[in-house]
Amino acid sequence: MNFSSHNILSKIKGRNDSFVVNLLSGNADIIEENKIDIFSDKGDITPEMIAKGYVITKEAEQLLFDEKYAEFIQNRNEDEVQLFFVPGYSCNFSCSYCYQNGYDNEATPLRKDLIDGFFRYVAQNFADKKKYVTLFGGEPLLPGFAYLQSIDYFLIQAKQRNIDVAVVTNGYNLVEYLPILKKTRIREIQVTLDGTQEVHDKRRTLKNGNGSFEKIVNAIDKSLTMGFSINLRTVIDKDNIDNFAALARFAIEKGWTKNPLFKTQIGRNYELHQCSSNSSKLYTRLSLYEDFYSEITKHPEILDFFKPAFSVANYLHEHGELPEPLFDACPACKTEWAFDYTGKIYSCTATVGKQDEALGTFFPEVFLDTEKVNQWQCRDITTIPECEGCNLQLACGGGCGSVAKNKNGKATSPDCRPVKELLEMGIALYFAEK
Ligand code: SF4
Ligand code: SF4
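Residues numbered from 1 in each chain as written. Chains lettered and ligands numbered in written order. Predicted model: local features only at pLDDT ≥ 70, side-chain atom pairs only at ≥ 80, totals over all residues. Heavy atoms only, no water.

S.K.: Give a detailed account of the site of ligand 2, specifying residues and quantitative values.
M.R.: What surrounds ligand 2 is the set C330, P331, A332, E336, C348, A350, W376, C400, G401 and S402. Across the shell around ligand 2, the residue classes tally to seven nonpolar, two polar and one charged. (Near = heavy atom within 4 Å. Nonpolar A, V, L, I, M, F, W, Y, C, P; charged D, E, K, R; others polar.)

Rendered as structure tokens:
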């Protein structure tokens, strides 16, 4: 018998007790200060530690790993696929941190034959899959009748094929688009608000420098009233983190947080693309969560607006059990693909629009570079050499393939997540001392 190679053991932040989390056996415990020796050579192994898989033979552990891995692959094969579609890289905003400034922006409404080509490709290649399409940009909801008409045509095609649609928009023209969105099944509308009015308007301006806060807030209110689900995203960096609590209070006062159609997410502003931001303002994943931790301890009302994951800590708190082991955190070319208005196919939203990352075309010709696709599809913790033997692997899943590729030159390389440190904070926040 040995200690499991998947035990994640550490002290809870700011406290004397510790935790053990084991994603393979699906167990987690808080360990009182005077009992921590049982996880070292100084202590005696208890029957409970064996029952919970914290202590296990190498052979039994390998068997369980293989069984869970097979389950993971099977579930993923049955999972719904998200197909991003970019109608153009143009945008009516000029955000202070926009990574797409470096992209070619050809401002023309979508062509019908290209939309037809996209849905033909989807029918041919994803016929046996559950799927939905997400409109993404640039900004997919641009002003003007021609843009409105082309999105209307796109939505009609989706509806005729029984495919749900989600929309990622800056929200500025959303109100004008709501009547045509109402014609089809919209899964959710993701809108970005980076803070309360003063902060948001400094970051997310129109091309002419005007602010966008009031129109977006009005669009959120209208969308919720009309029965659309809103996913409010806040892009965080060091310039707006200290406004996050005020944004949370604003959303609470608006009554949004009590609405079952309303949810939130955060986007870390980070250097994945050609980024125009000053990099000293950007967060690493760990420093972002450290600042979140400190903001939440000062302003607990933030948790009514947004509950950070802190690795698996929030999941454990909300569900009373651990999630299934994560053998792969990167859905690129597995349950996620991206397509754009030029007819190109990409692995996901992180690579879409980067010419050297294109994997093929769906229009006018259909072509897919299977060798390139394989490099994404084979990526998981069993094919990234550095992940072998890492005790964090089933919480981390190897991270993001695109970040790894940018950093190390190939997708099958690690993008390490600070799992232990995140759990130290998350367990402190979500679980009281015994
Ligand atoms: S990416 Fe890094 S932290 Fe994640 S499993 Fe691999 S080696 Fe471990
Ligand atoms: S490459 Fe990164 S952004 Fe793209 S699907 Fe994988 S994890 Fe997501």
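Next, the rest of the story.
S.K.: Which residues make up the sheet that holds strand 7 (residues 131-135), and what are the values?
M.R.: A sheet is described by the order of its strands in space; here ten strands give the open sequence 11-10-9-8-7-6-12-13-14-15, paired in mixed fashion. The open sheet has two free edges, formed respectively by strand 11 (262-268) and strand 15 (367-368), since each of these has just one partner strand. Two elements, strand 12 (residues 336-340) and strand 13 (residues 344-346), share two bridges in a ladder whose sense is antiparallel. Along strand 13, the bridge assignment pairs F339 with I345. (Pairing = 2+ DSSP bridges. Helix = DSSP H or I, 4+ residues; strand = E, 2+ residues; numbered from the N terminus.)

S.K.: If you had to explain the packing of aromatic side chains to someone new, which residues and values would you point to?
M.R.: As enumerated under the stated definition, the model contains 28 aromatic pairs in all. Relative to F118, the ring of F85 lies with its centre 4.7 Å away and its plane at 55°, an arrangement referred to as tilted. Placement of the pair is F85 in strand 6 (residues 81-86) and F118 in helix 3 (residues 112-125), with a sequence separation of 33 residues. The burial state of F85 is the same as that of F118; both residues are buried. Here the aromatic rings of W256 and F262 are separated by 5.6 Å at their centres, their planes lie at 35°, and the arrangement is tilted. Here W256 falls in the buried class, since its relative accessible area comes to 2%. A connected cluster of aromatic rings, assembled from ring pairs, spans F85, F118, F119, Y121, F126, F154, W337, F339 and F362. (Phe/Tyr/Trp six-rings, centres within 6.5 Å; stacked < 30°, edge-to-face > 60°. Buried < 20%, exposed > 50% of the residue type's maximum accessible area, 1.4 Å probe, protein only.)

S.K.: Residue-level account of the state of the cysteines, with values.
M.R.: Per the counting criterion, the structure on display carries zero disulfides. C333 forms no disulfide, and the closest cysteine sulfur to it belongs to C348, at a distance of 7.8 Å. For C333, a relative accessible area of 1% puts it in the buried group. Taking relative accessible area as the criterion, C348 reaches 9% and is therefore assigned buried. (Disulfide = S-S within 2.5 Å.)

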